Structure formats: structure tokens, C-alpha cells
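Observations on the three-dimensional arrangement
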Amino acid sequence: MATGETPLYAKVASKLKGRSTPSLLEPLLALGFPAHTALKALAATGRKTAEEASDWLRCHRGDPSLDDPIPQEYALFLCPTGALLEKLQEFWRESRRQCAKNRAHEVFPHVTLCDFFTCEDQKVECLYEALKSAGDRILSSFPAVIPLVLHSSVSYLGFFIDGGPADVIREFAMLFATEASVSNFPQFYLFPVHRGVVNHFQTLRALFQYKPQNADELMLSPGDYVFVDPTQQEEASEGWVIGISQRTGCRGFLPENYTERACEADTWVRHRTYTFGLAINLNSRKDGEGSGRRNGDFHPRPVSSSVQALQATIMRRGMLVVRHGERVDQVFGKSWLQQCSTTDGKYYRPDLNFPPSLPRRSNGIKDFENDPPLSSCGIFQSRLAGDALLDSGIRVTAVFTSPALRCVQTAKHILEELKLEKKLKIRVEPGLFEWMKWEASKATPSFLTLDELKGASFNVDPDYRPAFPRCSLMPAESYDQYVDRCALSVGQIVSTSPQDLGVILIVSHGSALDSCTRPLLGLPPRECGDFAQLVRKIPSLGMCFCEENREEGKWELVNPPVKTLTHGANAAFNWRNWISGN
């Protein structure tokens, strides 16, 4: 963020006028460092000692951004300590072990008082003064005990602070904002830290030493942090990434297998801490002294919470409706089967976007014509969505699919990425199939039987009794009959799924994002024409997410746990057209 875009501290500039040069700056100026780079070094190291800042400047002598007037980023947090912190850290470790790492593990336990903002390097001292002044003014009214209310949903698990304690903490946040002359703060939540890296960067930690073999490579020492932008890796060869070293500020190539993923907060620098449990004078030590005792040792007060309460929480139920991935006839047209069939009825792969193989069907390959599989890109889309769902941290507890092969395949690949392919059986529900009027064939499609799906390594549930058996699908189905079928199917799915927690995953067709969610939300069906127009705009792996609000006795449409998937087309290529002379 450029300095001119957010002049957050314009009003505090006058405080610096007439002030003597800070004691930490003098030694750096005496060593010959320019004032603006010396201030940047002090801000980057938390203004602890001149020695640390001097070491930082020596490491960053090759940093191309050293002279850039880009301010650092800061935030204000409130953090737990003592027994509560130990329990939360225990929960952090155990949840990461059981559920794998997600975004919640990137930062230590905290509540955000003030989201990230920028401050010019020469004005950082004013933030310290604002923190101390706000803390001193609120200290006498700060609650001795802060009750915590456990809140959970399918995508969130944490504590809320309500009532009087929340008002006092909110007042502290606003006092800090006023003291720092920041006019607008984001919504209140609950720690002082410096980030210094853009959110979309990934943070890597070096495991081994690496000595550059070329001028455009980074030197690595064990423990070094490297910031990597996943969107800027076009120049990197397989197994290599381009990153920026936190230690030197230099950019270059590095071998990815010499690193591991680190948490974003591992690279943050703590500047100052105000302790409410113990009255600590932030000015009791000089600016040049170490920060260990200045930040104080927390003495926690009793708080009624534990990791057991977190683990035993009852989460909101959710239902995630997903459209299948790209189908092969979507790319190669209605004649796709003729393009990949031999004269004796065997399948072969004429293009890499055709799947490597097809499941065995009792009636042979011809039944695929009205029940096409996913393309290779459709398989990739499904796995990509499954990987993103894994990273989001949602817990899928039941899976239902349309009997169409492309839907069953999509569900299988999503479950594989979620590491649930052996734990959860796929329940095939014919009631989730597409509106029959839109089927090219005038007869009901010939779907793979449960035995055929099982023989093709699909983990289907043979004991599931569907709301609509396959034989009940009518070729001449009206729109009203279709939406009634979907409503009845969703009603049974919700009633037969776990009632207390987790997400019901439904993999169906684009139309299901409307026809399967509106009954749950208590909404009437759309007009048929509006419905048709809407469905045409739904892409592969499009998602709708509903969450149960038990307090109000209803379901609500909320943001899906992952972002949409967008990509461009890739036309067919014939190398013969490029032969010289033709």
C-alpha cells in the first residue's frame, strides 16, 4: 500500500516537531546510515536496540526496496495468557493434527482490536504513546474477569465477548484510535504486531542451507523466511519458486524442497505490549533497552473455558450444493462418443481432455452417450475444489449425488482431496437428477448401477434408500414436478443426515443450485423462464451454501467456503498445419 493512499497519521506529525532525535536513531546516524533507512530498520525490528537495527541494515544492503518510502503495517490485538493460552494452543495443535492446517492456524489465538493499517516509520513512536495512554485511561475500569461465549458455525469456531466487558474493550480500542488520530476503524473484534507482507503471499521457512549456483538465486540459511506470491511464478521451473527473503529483502529463485510452509504470524514483529492483568509502566525503561521485561509477564485471571468446551461444541449444520465438473461432451460436442470409439466398440483417447479410461457398463460403451463422464479438465476442476474445501476447514459428514456419472465422479474426486474417500460412502439419489425435459434422450438415461459403480472403485452406499427410485424419473416431467421432486429429495436428505454438526455435500447439476436450496430457505420456485436463464450462467463447480440457524429456526444462504473457479478455453491444435511449405 502506497504512503499517499492512506495518510492515517497526518495529525500526529506535529508531535514530532521540535522533538530531540530519539536515542536509538543517533547511533545509526553516527554509523553513516541515512535517516530514512535507519528509521525503516528500527520499525522493522520493533525499535528494540540500535544493534538489531544495524544488523538489519547490513543484511538489507542489497534490498532493492530499501529506499522506497513504503510504510510498515501494524495491528492491535488482545491476547489470552496463562492456562487459557495453553489450552488454546493445545487445541491449535490437535486440530491441525486431526484436520490438517488451514487459515485459522496462520495466527496465534487473539481477538482483533484494530485491523492492519500503515504508519510512516518516523511516526511509530506515536503509536507507542497512544497505546500507553489508552491503556492507562481504561486500566481502572478494565474487567477483572472476561466471560467468553462459545460461537460456532460450519466455517467458524471461537469465542465472543459480550456485555459490559465488550464495551470496555471497545472503548479501549476507540481511545487508541483517537490517540493515534485515526478517524475510522474496522469492525471491533481482539494484540501489537507488525506484519510487513501482503496477505496473498505464502510464507516458507528454509530447512537447509542453500548456496546459490547462479546470480538470480537466493542464499538460504536454516530458519530463513521467504515470501512467495503464487500468482507470480511463471518464470520458475518445476521444483523452484521465486520469493523474497525476509532476512535480506532480495528476490530470487530457490528450490522449493529446501523449505516448508510456515505460518504468516511467524514473521511478525511485536513492538509493544500493554498488560491489563498487571500495571506495567511502558516508560519504566529507556527506549534503547530490551523488550523482554518492558512487555511484562502476563498474570492471567480465571476464565471459564477449556479445549474440551471447544471440541464438544455443537456446530451449525450446513448444506453445500455443487455443480459437477466439465463433462466431455461439453467440449467435444454430441458426437464425442464417435470420436473416441473404435469400430468394434472399444474406447480410446483421441485428445488429452478425454478421460484416460471409462468404467465398464453392462450394455457397452453406447450407454455413455446420454450419461457422459467428466473430461480430464473436469477431473482436475473437481480435485482443485476438493483441495480448496480441505484448506477451508469445513467438515463434510454426508455426501449425496445425482446418479449421473459426471456427478458421482465429481463427488469421488472431492472426497479424495478431503481425505474422506474411505470414511464417507456416496449416496446416490435419483431425485437430484437434472430436469428431465432438458435431457436429449426422450427416455430415462441408463445410469451405472450401484454394482457397476462399486466395480469402478466408487465407494457408494448400497444400503441407502433414495427418496426417488430411478424408475420414477419421467421423461415428460413438467417443471412443477421437477421442483417438487427436488424439494422432496432435499427434505429426506436433511432429515436422514447427522442432526448436530457438519456439512451435507450435494453434487448435482447446475439447476440444483436453485431447485435444491430454495425449498430449504422457505422460498417458492422461480418462474420457469427465470429459472432457465439463471441455470445457463452456472459454471462447472459452481456452489451454493446454506447454513442452519437453529436460534431462529430457519436456513440461510451464506458465502460458500471457497472461491469460484474461473478459466479460459483452449482450442484444438493440429501440428500438421504447421509443417513448412503446407
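Keep in mind that what you see is a predicted model, and the values were worked out from it rather than measured.

As a further point, take the overall build of the protein. On a plain count of helices and strands, the protein comes out with 17 helices and 17 strands. Per-residue burial over the protein gives 48% buried out of 582 residues. Taken as a whole, the protein presents about 30,100 Å² of accessible surface, with 52% of it coming from carbon and sulfur.

The next point concerns the sheet that holds strand β8 (residues 240–245). The antiparallel open sheet is built from 5 strands, whose spatial order is β9-β8-β7-β6-β10. The open sheet terminates on both sides in strands that have one partner only, identified here as β9 (251–255) and β10 (259–261). Each strand axis lies, on average, 45 degrees off the axis of its neighbour in the sheet, ignoring direction. With 5 bridges connecting them, β8 and β9 associate as antiparallel partners. Following the sheet pairing, Gly-243 is matched in β9 by Gly-252.

With that settled, the discussion passes to the sheet that holds strand β14 (residues 426–428). Two pairing modes exist for strands in a sheet, parallel and antiparallel, and in both the strands are linked by backbone hydrogen bonds. Spatially, the 6 strands line up as an open sheet ordered β14-β13-β15-β12-β16-β17, and their pairing is mixed. Two strands in the sheet have a free side with no partner beyond their single neighbour: β14 and β17 (554–558). Taking each pair of neighbouring strands and ignoring which way they run, the sheet shows an average axis angle of 25 degrees. Bridging between strand β13 (residues 396–401) and β14 involves 3 bridges; their strand directions are parallel. Of the residues in β14, the one forming a bridge with Val-399 is Ile-426.

With that out of the way, let us pick up the environment of Asn-214. Following the sequence through the fold, Asn-214 ends up in the loop between β6 (202–206) and β7 (225–228). Between the C-alpha atom of Asn-214 and that of Phe-253, which follows or precedes it by 39 residues, the distance is 9.2 Å. Here the side chain of Asn-214 touches Glu-217 through a polar contact of 2.9 Å, side chain to side chain.

Here we take up the packing of aromatic side chains. Summed over the entire model, instances satisfying the criterion amount to 18 aromatic pairs. Plain terms: the ring middles of Tyr-210 and Tyr-258 are 5.5 Å apart, the flat faces sit at 85 degrees to each other, and that makes the pair edge-to-face. Here Tyr-210 is found in the loop between β6 and β7, whereas its partner Tyr-258 is found in the loop between β9 and β10, with 48 residues between them in sequence. Judged by relative accessible area, which is 9%, Tyr-210 ranks as buried. Look at Phe-400 and Tyr-464: their rings are 5.6 Å apart centre to centre, the planes differ by 70 degrees, and that puts the pair in the edge-to-face class. Here Phe-400 is found in strand β13, whereas its partner Tyr-464 is found in the loop between α13 (450–455) and α14 (479–496), with 64 residues between them in sequence. Side by side, Phe-400 and Tyr-464 carry an identical accessibility label, which is buried. One residue, Arg-272, lies across the ring of Tyr-128, its end atom 4.0 Å from the ring centre.

Our focus in this paragraph is the nonpolar core. With 44 residues, the main nonpolar core has Leu-320, Trp-336, Val-396 and Leu-505 as its most contacted residues. With 6 residues, the single largest contributor to this core is helix α12 (residues 405–417). Residues within four places of Trp-336 in sequence aside, it is in contact with Val-328, Asp-329, Phe-354, Phe-368, Glu-369, Pro-372 and Pro-373. Residues Leu-76, Leu-131, Ala-166 and Phe-176 belong to the second largest nonpolar core, which totals 28 residues.

This paragraph deals with the pattern of salt bridges. If you walk through the whole model with that rule in mind, you get 21 salt bridges. We note a salt bridge from Arg-361 to Asp-371, for which the minimum N-O separation is 3.1 Å. Taken as a pair, Arg-361 in the loop between α10 (336–339) and α11 (376–392) and Asp-371 in the loop between α10 and α11 lie far apart in primary sequence, 10 residues in all. Across the pair Arg-383 and Glu-417 runs a salt bridge whose closest N-O atoms are separated by 2.9 Å. Here the residue Arg-383 occupies a position in helix α11, and Glu-417 occupies one in helix α12, the gap between them amounting to 34 residues. Ionic contacts of the salt-bridge type, sharing partners, join the residues Arg-383, Lys-412, Glu-416 and Glu-417 into one network.

Reading the values: the criteria
- Residues numbered from 1 in each chain as written.
- Predicted model: local features only at pLDDT ≥ 70, side-chain atom pairs only at ≥ 80, totals over all residues.
- Heavy atoms only, no water.
- Helix = DSSP H or I, 4+ residues; strand = E, 2+ residues; numbered from the N terminus.
- Buried < 20%, exposed > 50% of the residue type's maximum accessible area, 1.4 Å probe, protein only.
- Areas by Shrake-Rupley, 256 points an atom, 1.4 Å probe, with all protein chains shown as cover.
- Pairing = 2+ DSSP bridges.
- Axes fitted to C-alpha atoms, helices over the stretch in contact; angles between N-to-C directions.
- Polar contact = N/O pair within 3.5 Å; in protein donor to acceptor, adjacent residues only side chain to side chain.
- Phe/Tyr/Trp six-rings, centres within 6.5 Å; stacked < 30°, edge-to-face > 60°.
- Lys NZ or Arg CZ within 6 Å of the ring centre and 35° of its normal.
- Core = buried A, V, L, I, M, F, W, Y, C linked by side-chain atoms within 4.5 Å.
- Contact = heavy atoms within 4.5 Å.
- Salt bridge = Lys/Arg side-chain N within 4 Å of Asp/Glu carboxyl O.

All we've got here are geometric facts, nothing functional implied.
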